[in-house]
Amino acid sequence: MPRSSTYEVVLDAGLFTPTQLQPTAVGRLAFQAGTRWLRDHLHSHRRLVTEHRVGLVLWAWQLEYEQPLRFEDADEAEVDVRMRVRGPRASQLEAELTVTGPAGVAVRARAASVPLALSGDLALSGAPTTLPEAVVAAFREDEIERTPYLSQVRALRGSFDREGEEIASDTTTFRVHRHHCEVADQWYWAESLGFAGGAREEFVMRHGRKAPELRRSLSEGVRRLDVTWLRAGQLWDLLQVRTTAYRHGGGLAFVHELGLAEDDDGGGPYAIVVERI
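Residues numbered from 1 in each chain as written. Predicted model: local features only at pLDDT ≥ 70, side-chain atom pairs only at ≥ 80, totals over all residues. Heavy atoms only, no water.

Observations concerning the packing of aromatic side chains
Heads up, the condition is: Ring geometry is summarised as follows: Phe, Tyr and Trp rings, the Trp one being its six-membered ring, pair when their centres sit within 6.5 Å, and such pairs are stacked at plane angles under 30 degrees, edge-to-face over 60 and tilted between the two. In our convention, an over-ring charge means Lys NZ or Arg CZ found within 6 Å of a ring centre and within 35 degrees of that ring's normal.
Counting across every chain of the model gives 13 aromatic pairs. Seen in terms of ring centroids, Tyr188 and Trp189 are 6.1 Å apart; in terms of plane orientation they differ by 50 degrees. Their pairing is tilted. Taken together through their ring pairs, the aromatic side chains of Phe31, Trp61, Tyr188, Trp189 and Trp229 make up a single cluster. Above the ring of Tyr7, the side-chain terminus of Arg36 is found at 3.7 Å from the ring centroid.

Observations concerning the environment of His52
Just so we agree on the cut-off: Think of it this way: any DSSP run of H or I at least four residues long counts as a helix, any run of E at least two long counts as a strand, and we number them from the N terminus. Here, two residues are considered to be in contact whenever any of their heavy atoms come within 4.5 Å of each other.
Mapped onto the elements of the fold, His52 is located in the loop between helix H2 (45-50) and strand E2 (54-65). On a C-alpha basis, the gap between His52 and Tyr65 in space is 36 Å, while along the polypeptide they are 13 residues apart. Setting aside anything within four residues of it in sequence, one finds His52 in contact with His43, Arg47 and Val135.

Observations concerning helix H4 (residues 153-163)
What counts, and what does not: For the exposure calls, accessible area comes from a 1.4 Å probe over protein chains only, and a residue counts as buried if that area is under 20% of its type's maximum, exposed if over 50%, partly exposed in between.
Val153, Leu156, Gly158, Ser159 and Phe160 are the residues of H4 that are buried. Elements in contact with the buried residues of H4: strand E8 (165-175), strand E9 (224-229), strand E10 (238-248), strand E11 (251-260) and strand E12 (271-276).

Regarding the nonpolar core
Applied cut-off: Residues grouped as a nonpolar core are buried Ala, Val, Leu, Ile, Met, Phe, Trp, Tyr and Cys residues, joined through side-chain atoms within 4.5 Å.
Ranked by size, the top nonpolar core spans 71 residues in total, and within it Leu21, Trp61, Trp187, Leu214 and Trp229 carry the most contacts. With 8 residues, helix H5 (residues 189-207) is the single largest residue contributor to this core. In contact with Leu214, other than residues within four places in its own chain, are Ile167, Phe203, Val204, His207, Gly208, Ala245, Leu252 and Phe254.

Some remarks on the side chain of Asp237
The line we're drawing: Counted as positive: Lys and Arg. Counted as negative: Asp and Glu, with His and the chain ends omitted from the count. Every case where a carboxyl oxygen of Asp or Glu lies within 4 Å of a side-chain nitrogen of Lys or Arg is listed as a salt bridge. Any pair of nitrogen or oxygen atoms within 3.5 Å is treated as a polar contact; in protein, a donor-acceptor pairing is required on top of that, and neighbouring residues in sequence qualify only through side-chain atoms on both sides.
With respect to the helices and strands, Asp237 occurs in the loop between E9 and E10. As a buried residue without a salt bridge, Asp237 has its nearest oppositely charged side chain in Arg175, at a separation of 7.0 Å. Of note is the side chain of Asp237, whose polar atom sits 3.4 Å from the side chain of Tyr270. Discounting residues that sit within four places of it in the chain, Asp237 has contacts with Phe174, Arg175, Val176, Leu260 and Tyr270.

Thoughts on a negative patch on the surface
Quick note on the threshold: The patch calculation keeps residues exceeding 30% relative accessible area without a salt bridge and links them within 9 Å when they carry like charges or within 5 Å when they are nonpolar (Val, Leu, Ile, Met, Phe, Trp, Tyr). Reported accessibility uses the Shrake-Rupley method at a 1.4 Å probe radius. Residues are deemed covered only where the shown protein chains occlude them. To locate a charge, the coordinates of NZ of Lys, CZ of Arg, CG of Asp or CD of Glu are taken.
On the surface, a cluster of negative charge is contributed by Glu8, Asp75, Glu76 and Glu78. By the secondary structure assignment, Glu76 is in strand E3 (residues 76-86). By relative accessible area, which is 43% here, Glu76 ends up partly exposed.

Looking at the layout of surface pockets
Over the atoms a probe the size of a water molecule is rolled, and this reveals where empty space is left. Put simply, the test is: Both site types are read off a 1 Å grid over the protein atoms alone. A 1.4 Å probe that fits but cannot get out defines a cavity, while an open set with protein on both sides within 12 Å along at least five of seven lines defines a pocket; lining residues have an atom within 4 Å of a point. Grid points are joined across faces, edges and corners, and a volume is the space filled by probe spheres set on the points. Think of it as three bins: nonpolar holds Ala, Val, Leu, Ile, Met, Phe, Trp, Tyr, Cys and Pro, charged holds Asp, Glu, Lys and Arg, and polar takes everything else, Gly as well.
Here the largest pocket defines a volume of roughly 1100 Å³. Around the largest pocket, the lining is made up of 44 residues, and of these Leu56, Val57, Leu58, Glu182 and Gln186 lie nearest the centre. At the level of secondary structure, the elements contributing two or more residues to the lining of the largest pocket comprise helix H1 (23-41), H2, E2, E3, strand E4 (92-101) and strand E5 (104-118). Ranked by residue count, the leading element in the lining of the largest pocket is E5, at 7 residues. Here the lining of the largest pocket is built from residues that sort into 31 nonpolar, 8 polar and 5 charged.

Regarding the pattern of salt bridges
A full pass over the atoms with the stated rule returns 26 salt bridges. Of the charged contacts, one joins Glu94 and Arg110 as a salt bridge, the two residues approaching to 3.6 Å between their closest N and O atoms. Residue Glu94 is located in strand E4, and its partner Arg110 is located in strand E5; the two are separated by 16 residues in the primary sequence. Under the relative-accessibility criterion, Arg110 is labelled partly exposed at 26%. Put simply, Asp142 and Arg140 hold a salt bridge, and the shortest N to O gap is 3.4 Å.

A word on the pairing of strand E1 (residues 4-10)
Heads up, the condition is: Paired strands, in this sense, are two strands between which DSSP finds at least two bridges.
With burial as the criterion, only one face of E1 is covered, namely that bearing Ser5, Tyr7 and Val9; the residues Ser4, Thr6, Glu8 and Val10 on the opposite face remain uncovered. Pairing analysis gives 7 bridges linking E1 to E3, with the strands arranged antiparallel. The partner of Val9 across the bridge, within E3, is Ala77.

Comments concerning the environment of Leu97
If you trace the backbone, Leu97 turns up in strand E4. A relative accessible area of 5% means that Leu97 is categorised as buried. Along the backbone, Leu97 and Thr6 are 91 residues apart, and their C-alpha atoms lie at a distance of 9.8 Å. Setting aside its immediate chain neighbours within four residues, Leu97 contacts Ala30, Ala33, Val79, Asp80, Val81, Val107, Arg108 and Ala109.

What follows is the structure in structure tokens.
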């Protein structure tokens, strides 16, 4: 079984909505957990960047809520994370995370990152690469999987179009400010989950009278997220989030495309976030 890092995290009110751990909070806990695993079993994230010149860019993420975990339920939760290399040429690094409360596993998350060969500039820019042999050698045999991880986002969007009923579509704009960013002055990936969640709330306020069932997404919270990142938002980018809501399989689904508000070069979305209620 792949090695794990397990520890207790103190729960404070800022991590929660009235119904659940915030998706952005789970994202931050997941990134911290992955960083801890690297430090415990391999090299610290800092050493990967500064000594090995290897960056890690998140490409795909899944989040599923399994059991209720609210602020009033517990003072602490247990975080467990395991990591492995994936792909025929060690082209991905996968992390699996659980957050466990008094009722059992409350949250499961899975992240797939791709390595970059860093150029050495302050922006941490680089080109896609494979993990260095010295890094791969530090993983055990049961922590190496030859098949790549595949994102579910494209298949989900297709199923909504084929089998679902579109309710409405709308756009919301946000600007990337420094408190949304990480050390390279580009958005911290977990903040893009917040942009999507904010767009959903705006969407419900605009369309909730026409389709009252949309209000469930505010009162009940999110059941599952599937996300893929294609490019990173940069400091002071003005983002446009195009949100489309569907009835599908007895529930609701929101698809958010995050990109530049004025995309003159037709570069396409930065990220696609699928929320299911």
